[in-house]
Amino acid sequence: MNTTGLGVLGERAAADYLTAHGFTIRERNFRSRFGEIDIIATKGPYLCFVEVKTRGARAIARPAASVTAAKQRKIRLTAEYYIARHRTLLERSGLQPRFDVAEVYADAAGLSGPAVRYMENAFD
């Protein structure tokens with residue numbers, strides 16, 4: 001499987017995981033001039049900006065290791081843009097932003113699909 005296919009598989013697995021764990025998906029692949037956020041979801045008092053990182057069987061490092069400071073900066077800027085566009089909705093709901101990372105291990109795929117490790121508050 002190529003990296004694009006692996007990424008699509010990972011994002012689908014992460015979205016399924018979030019839904020199964022009580023999150024409501026608001027956006028997928030939200031883009032701005034600053035970058036992209038894979039999934040934007042809500043759960044309880046949080047507006048979660050989720051970066052999905054997928055790795056296959058040959059990966060050496062954990063998927064979250066590739067969420068570098070530069071990548072975090074792009075995600076933060078894109079999140080600020082999203083919040084600015086949805087300010088009224090967010091002010092009424094009182095949601096607090098949070099940055100999460102979903103690690104997806106495609107090599108662990110079985111009947112239930114890839115394994116997902118979810119990290120809340122992965123960075124500030």
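Everything here concerns the structure above.
Residues numbered from 1 in each chain as written. Predicted model: local features only at pLDDT ≥ 70, side-chain atom pairs only at ≥ 80, totals over all residues. Heavy atoms only, no water.

A word on the pairing of strand 3 (residues 46-55)
When you tally the buried positions in strand 3, you get 8 out of 10 residues, the bulk of the element. Summarising the sheet, strand 2 (residues 36-43) and strand 3 pair through 5 bridges and their orientation is antiparallel. Paired with Thr 42 across the strands is Leu 47, a residue of strand 3. Counting the residues that bridge the hairpin from strand 2 to strand 3 gives 2 residues, and of these Gly 44 lies at a positive phi of roughly 60°. (Buried < 20%, exposed > 50% of the residue type's maximum accessible area, 1.4 Å probe, protein only. Helix = DSSP H or I, 4+ residues; strand = E, 2+ residues; numbered from the N terminus. Pairing = 2+ DSSP bridges.)

Details of unusual backbone geometry
The phi angle at Asn 29 is positive, at roughly 55°, despite the residue not being glycine. For Asn 29, the location among the structural elements is in strand 1 (residues 24-31). Overall, the relative accessible area of 28% leaves Asn 29 in the partly exposed class. Phi angles above zero are rare outside glycine, and Asn 121 is one such case at about 50°.

As for the packing of aromatic side chains
By the definition in use, this model includes 8 aromatic pairs. Each ring, one from Phe 30 and one from Tyr 81, has its centre 6.1 Å from the other, and the planes form 35°; the classification is tilted. Note that Phe 30 is positioned in strand 1 and Tyr 81 in helix 2 (residues 69-85), a separation of 51 residues in sequence. Overall, Phe 30 belongs to the buried group, its relative accessible area being 6%. Residue Tyr 81 is classed as partly exposed on the basis of its relative accessible area of 34%. In this structure an aromatic cluster arises from ring pairing among Phe 30, Phe 34, Phe 49, Tyr 81, Tyr 82, Phe 99 and Phe 123. (Phe/Tyr/Trp six-rings, centres within 6.5 Å; stacked < 30°, edge-to-face > 60°.)

Remember that the coordinates give geometry; whether it matters functionally is a separate question.
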